[in-house]
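One letter stands for each residue in the lines below.
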Amino acid sequence: RKEVEQDPGPFNVPEGATVAFNCTYSNSASQSFFWYRQDCRKEPKLLMSVYSSGNEDGRFTAQLNRASQYISLLIRDSKLSDSATYLCVVGRPGGYQKVTFGIGTKLQVIP
Amino acid sequence: NAGVTQTPKFRILKIGQSMTLQCTQDMNHNYMYWYRQDPGMGLKLIYYSVGAGITDKGEVPNGYNVSRSTTEDFPLRLELAAPSQTSVYFCASSYGRESEKLFFGSGTQLSVL
């Protein structure tokens, strides 16, 4: 089993739709969780950290389920500008050398 | 504020050639990293550094070398380039540990033919 698994997609959704991505992780010692956004041929950029209590930033909501070992990202009212690949990132204690990146989920928002 | 600067953006190498990918950050970050990203794969850590003079291997270090003589610079050296090193390379930095945001450079598209 891969350490971090994501559905690569693509997820094609109409503008205004709500879309959710899940990411599962295999190592129960994982302690830090992030969603990064990567535009085509660009560098990844941090979208959100994911906290145990869940967190929201505008149209984006991230949640962590430790019991089932997955994190989720919900995007409400999708915009064309949300089209990108969303990388799930999971870290174990010991610095970023212990971080694992998922392959990413591609989102395409359609007019 | 430049952040993390990588050069070059694109490069084509012949098998057996060598080159250095440059990476500079102006945020006074202690931690710096080199990743490679291949199609259908997550970013893989090549080498990392926790401060000037300190470097260590990541998940895929074979065929690469690094140095960290200053806080700002973290060059990646490819010796005897092979087709398997065709990839997109990203340099990144962070102030602290895994709870801190990673800042990435804009990447280098390298092809080895």
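Notes on the structure follow. (Residues numbered from 1 in each chain as written. Chains lettered and ligands numbered in written order. Predicted model: local features only at pLDDT ≥ 70, side-chain atom pairs only at ≥ 80, totals over all residues. Heavy atoms only, no water.)

1. Concerning the environment of B:Met32
All names here are of chain B. Our working definition: Only DSSP runs of H or I with at least four residues qualify as helices, and only runs of E with at least two residues qualify as strands; both kinds are numbered from the N terminus onward. Only protein chains enter the accessibility calculation, which uses a 1.4 Å probe. A residue is then buried if its area is under 20% of the maximum for its type, exposed if over 50%, and partly exposed in between.
Here Met 32 is to be found in strand β4 (residues 31-37). For Met 32, a relative accessible area of 0% puts it in the buried group. C-alpha of Met 32 to C-alpha of Tyr 47: the two residues are 15 residues apart in sequence and 8.6 Å apart in space.

2. Some words on the nonpolar core
In plain terms, the rule: Here, nonpolar core refers to any group of buried Ala, Val, Leu, Ile, Met, Phe, Trp, Tyr and Cys residues whose side-chain atoms link them within 4.5 Å. Throughout, a residue-residue contact means that at least one pair of heavy atoms, one from each residue, lies within 4.5 Å.
Residues A:Phe21, A:Trp35, A:Ile71, A:Leu73, A:Ile75, A:Tyr86 and A:Leu107 are the most contacted members of the largest nonpolar core, which totals 23 residues. Secondary-structure elements contributing two or more residues to this core are β3 (19-25), β4 (32-38), β7 (60-65), β8 (70-75), β9 (84-91) and β11 (105-110) of chain A. Excluding residues within four positions of it along the chain, A:Leu73 makes contact with A:Val19, A:Ala20, A:Phe21, A:Trp35, A:Leu47, A:Met48, A:Phe60, A:Thr61 and A:Tyr86. Counting residues in each nonpolar core, the second largest holds 19 residues, with B:Leu13, B:Met19, B:Val66 and B:Ala81 among its members.

3. Topic: the side chain of A:Ser30
Residue and element names in this part refer to chain A. Note on placement: Ser 30 falls in the loop between β3 and β4. For Ser 30, a relative accessible area of 2% translates into the label buried. Every residue in contact with Ser 30, bar those within four places of it in the chain, is listed here: Tyr 25, Arg 66, Val 90, Gly 91 and Arg 92.

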